[in-house]
Amino acid sequence: MKHQPFPLSLEKTWHYFSRTYRLVWNTVFALLVALLCLACFAVGAGAGYFAFLVKDMDAPSRESMYSAISSYEETSHMYFANGVYLGRFRSDLDREAVPLSNVSPYVVQAIIATEDEHFYEHHGVVPKAVIRAMFQELTNSPIKSGGSTLTQQLVKNQLLTNEVSFERKAKEMLLALRLETFFSKQQILEAYLNVVPFGRSSSGRNIAGIQAAAQGVFGVNAKDLNLAQAAFLAGLPQNPFVYTPFAPDGSVKPDISAGLRRMKTVLYRMKRAGYISEKQYNEALAYDVAKHFAAPKPSPFEQYPFLTMEIERRAKDILAEVLAKRDGHQPAKLKRNPSLFQRYVGEAEKALRQGGYRIYTTIDKDLYEQMQRIAARYPYYGNDNVYYAKDKQTGKTIAHRQPVEVGAMLIENKTGKILSFVGGRDYKREQLNHATQAHRSNGSTMKPLLVYAPAMEMGIVQPATIIPDLPLSIGSYKPKNADGKTHGLVTARYALQQSFNIPAVRAYMRIQHRDPVDYLHKMGITSVAKQEESHPALAIGGTNVGVTVEENVNAYATFANYGTFVDAYMIEKIVDKNGTVVYQHQSKPVSVFSPQTSYLMIDMMRDVLHGGTASSLPGYLAFSADWAGKTGTSQANRDSWFVAVNPNVTFGVWIGYDRPAPLETYYKGLSYGKRTQLLWAQFMNAAYRVHPKLIAPRERFAMPGGIVRRAYCAATGLSPSEACQKAGLVRYDLYNTRFAPKEGSGADLTESRLVVIDGRRYLALATTPEEFVTHGVIVQSELLAAWGVAEDDWDGMDFTAAVLKENGHPPAPPSARLDGHTLVWTPHRERDVIGYRVYRVDDGGARRVVAVVKAGEPTAFSALEPGASYDVTAVDIAGQESAPSNLVSRPAAERPAPPAAEDGAENDTPPHSEAAEEGTDAD
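Keep in mind that what you see is a predicted model, and the values were worked out from it rather than measured. (Residues numbered from 1 in each chain as written. Predicted model: local features only at pLDDT ≥ 70, side-chain atom pairs only at ≥ 80, totals over all residues. Heavy atoms only, no water.)

Caption draft 1: Representation of the sheet that holds strand 19 (residues 649–656) within the structure. Judged by pairing direction, the sheet is antiparallel, and its five strands sit side by side in the order 10-9-19-18-17 without closing on themselves. The open sheet has two edge strands, strand 10 (418–422) and strand 17 (628–633), and neither has a second partner. With strand direction ignored, the average angle separating the axes of adjacent strands in the sheet is 5°. (Pairing = 2+ DSSP bridges. Helix = DSSP H or I, 4+ residues; strand = E, 2+ residues; numbered from the N terminus. Axes fitted to C-alpha atoms, helices over the stretch in contact; angles between N-to-C directions.)

Caption draft 2: Structural context of the state of the cysteines. Evaluated as defined, the whole model comprises one disulfide. For Cys 713, the disulfide goes to Cys 724, at an S-S distance of 2.3 Å. Taking the torsion about the sulfur-sulfur bond, which here is approximately 105°, the covalent link between Cys 713 and Cys 724 counts as right-handed. Linking Cys 713 in strand 22 (residues 707–713) with Cys 724 in helix 27 (residues 722–726), this pair joins segments that are eleven residues apart in sequence. The buried category is assigned to Cys 713, whose relative accessible area is 0%. (Disulfide = S-S within 2.5 Å. Buried < 20%, exposed > 50% of the residue type's maximum accessible area, 1.4 Å probe, protein only.)

Caption draft 3: Representation of the packing of aromatic side chains. In the structure shown here, the tally under the stated rule is 26 aromatic pairs. Ring plane angle 75° and centroid distance 6.0 Å describe the contact between Phe 218 and Phe 232, whose orientation is recorded as edge-to-face. Taken together, the residues span a long stretch of sequence, with Phe 218 in helix 8 (residues 210–218) and Phe 232 in helix 9 (residues 227–235) at a distance of 14 residues. Note on accessibility: Phe 218 and Phe 232 belong to one class, buried. With 4.6 Å between their ring centres and 10° between their planes, Phe 623 and Tyr 688 make a pair best called stacked. Within this pair, whereas Phe 623 is found in the loop between helix 24 (617–620) and strand 17, its partner Tyr 688 is found in helix 25 (residues 672–690), the two being separated by 65 residues in sequence. A cation sits over an aromatic face here: Lys 185 above Phe 119, 4.5 Å from the ring centre. (Phe/Tyr/Trp six-rings, centres within 6.5 Å; stacked < 30°, edge-to-face > 60°. Lys NZ or Arg CZ within 6 Å of the ring centre and 35° of its normal.)

Caption draft 4: Up close: the packing of helix 3 (residues 105–115) against helix 11 (residues 257–272). Contact geometry of helix 3 with helix 11 gives a least axis separation of 8 Å together with a crossing angle of 95°. If you check the angle between helix 3 and helix 11, you find them roughly perpendicular. Contacts between helix 3 and helix 11 pair Tyr 106, Gln 109, Ala 110, Ala 113, Thr 114 and Glu 115 from the former with Arg 262, Val 266, Arg 269 and Met 270 from the latter. Looking at side-chain class alone, the contact of helix 3 with helix 11 contains five nonpolar, two polar and three charged residues. (Parallel < 35°, antiparallel > 145°, perpendicular 65-115°, else oblique. Contact = heavy atoms within 4.5 Å. Nonpolar A, V, L, I, M, F, W, Y, C, P; charged D, E, K, R; others polar.)

Caption draft 5: Region of the structure containing the pattern of salt bridges. Tallying each qualifying case throughout the model produces 36 salt bridges. For the salt bridge of Glu 115 with Arg 262, the shortest nitrogen-to-oxygen distance reads 3.6 Å. Residue Glu 115 is located in helix 3, and its partner Arg 262 is located in helix 11; the two are separated by 147 residues in the primary sequence. For the pair shown, Glu 115 and Arg 262 are each scored as buried. The closest approach of N and O atoms between Arg 314 and Glu 550, which form a salt bridge, is 2.6 Å. Residue Arg 314 is located in helix 14 (residues 305–326), and its partner Glu 550 is located in helix 22 (residues 549–560); the two are separated by 236 residues in the primary sequence. Overall, the relative accessible area of 14% leaves Arg 314 in the buried class. Here the residues in one salt-bridge network are Arg 493, Asp 603, Arg 606, Asp 607, Asp 626, Arg 700 and Asp 733, joined through shared partners. (Salt bridge = Lys/Arg side-chain N within 4 Å of Asp/Glu carboxyl O.)

Structure below.
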């Protein structure tokens, strides 16, 4: 069959189709080539631009990157004694690192499903996500899907700034890729969870890191979060302060719906990713999240303001030395350079607020809380003091009220641990820590530290040493006893027991040239300058600066440690976030006194509580222990102290006004001294209820070797002589064997002829009439001269006799008169008159002595005979007698006539005798 050609129309159609196809194909191909070239150009340009953006960035090493992702602000923590948690160190942000193994799996799943669903697949960057994000940015799309992986977010937070720029984004991507090559997904995820912010806690504080979030929002640890809680927290990082349920004051926001909606989104994504089942999803949606929010928690500062501030202050100083030592600076050099020290203090403060340290203290939580309760409720402080001062702004004088403040501290003797303290009554009113920072005169509590213990150590004083308590003048300084009196010759023991000031100053003057202030410095009282040593008032607490309660109590613990000073401390150790102990307290005992001196001092201070100035204290205590202590009062009663030791602990209390002013002498029936002692006792009673064995040990202070009991003469303090024994003045006391009185060391008393006038003893002269003389013993003058007492000052002292100077002429005659049946006369005004003689004068003028009246006795003589005459003469110390006084006679008695007998009656009544009549008159 012959082939037929296409019709003309069909051929023409095919021709046009063929031409069109080639044209379209060529055009499409050209476009594809153009697009490919454009894409290649774009990629090349992008790569070139990317290279340009990161050309100046050094590639960090693995070590530097590890340091960067693991170096983040982490809250430091404080602990009571025995590891009892106290709270977080004050900082702007709460964060606590936690290993991934201690994080709930729900948290990990929720974070990945929400923030980076391809986390386990990518190598740090998801290109399509980056392109999508860039396209949305370039087109200003209202939908922003984000392009950052968890790795990129970690890089942004820890290695870069929050700057918004293509350069930062390029660096972020490059660092993310590098980070993924060095670290595992688990390491990256752990770092991210410890870095990411989560808004606010139930205390209103900023929180970051999953552990702080779990605690701050739900009050549980990160490992214990359930599904709903984990989903709620995983939703917060996208916009922490919008989704957080808490307001800045810690209260729950009125509307938390945004956070709840975000939680639902997280749960949905977890279900979509296959992490949870439909049942788990529905159960989590039904969970009442708000019902399980953490209750508001007061910060440690709000709950324990004095304590947390003191811990911070001490921790900064300690860590400053640690940091300085790291840089090659020795502590001694650091303290001599204030500017250098302050620089390191600043570094230490920053490190403590951000470095995640653990600060372990010696403070016993129960003791501390009980003492704060007592301090807050004590009802006997006294009334507020009102003072007037000019306002700096207005210049007007305005009234200010200030309450009585308190400072107290309890120290464990052997270790120096500060177990508890009271910084004040109200931190909001006054931030000064009255236990550790307030310097005040320590009054008579200075006496054992600066006077008696050093003097015993030097062999100048022993408990039975006799010290004159006589008026004393040292230039313009004239010390006075609290009662305004002097008490003659007293033992050091009795002077301390009764807190006499003059004997303490006299004893201090005996050792003043032997550097007694060095003893204070050895016991940690550095606030008393060496230059103050020349001031006698220092013996009774007259310091320029004063001492703190801590210094005073710490020094007293030296006696309990048998003469070894152990510096008090509060910070036991500091541990960094890696578990390395960067500081561990180590005691450096200092030998101050011998065990013998310390025990004798304790034995003397026992008497303060038994018959002394603190004799009321044992009655306030609910328990018994071997306490030895000392009261103290500063000038004008501005400070009141009581410090005491037992074999386990030393405890001291101070009360006073911040702006020094006299304490009320009596308040609610209690003197200021008893108010202080009662407060001290209430603190100790509370402490006893917490730790009875610590506060009331059964054992007593053990007497060391080298102490003996010896007899002494109560008039001299020396070994009793025969004269002392005859006078009945032998007593017994304890001595350091080295300084015990030696038998037969010489005469201590002299038997003398004395004249006693108004209780005062004067040396009789050879011509003093014997009838006016009293025989007694006196102390040898050289013994008193050693205490700075001249014979002219002996007036009124026990076992001494002053010199009564005669005026060189006979006394003037007295003036006598009859008072009823009694002869009376006016006491003589001349000082050398030692008595009077009463004479009966006969009718012929003969005179005989019928009575001798000593000066100071009543000037009267009642044994007058009726009808007899009498006169009186005055006799002086030299035996000179005055002329007789005027003659005084008692009238003769008249015998009354007997009554007449009645008529017819017999008078059987005998006549009244004269004696009977006088008796009747007398009745």
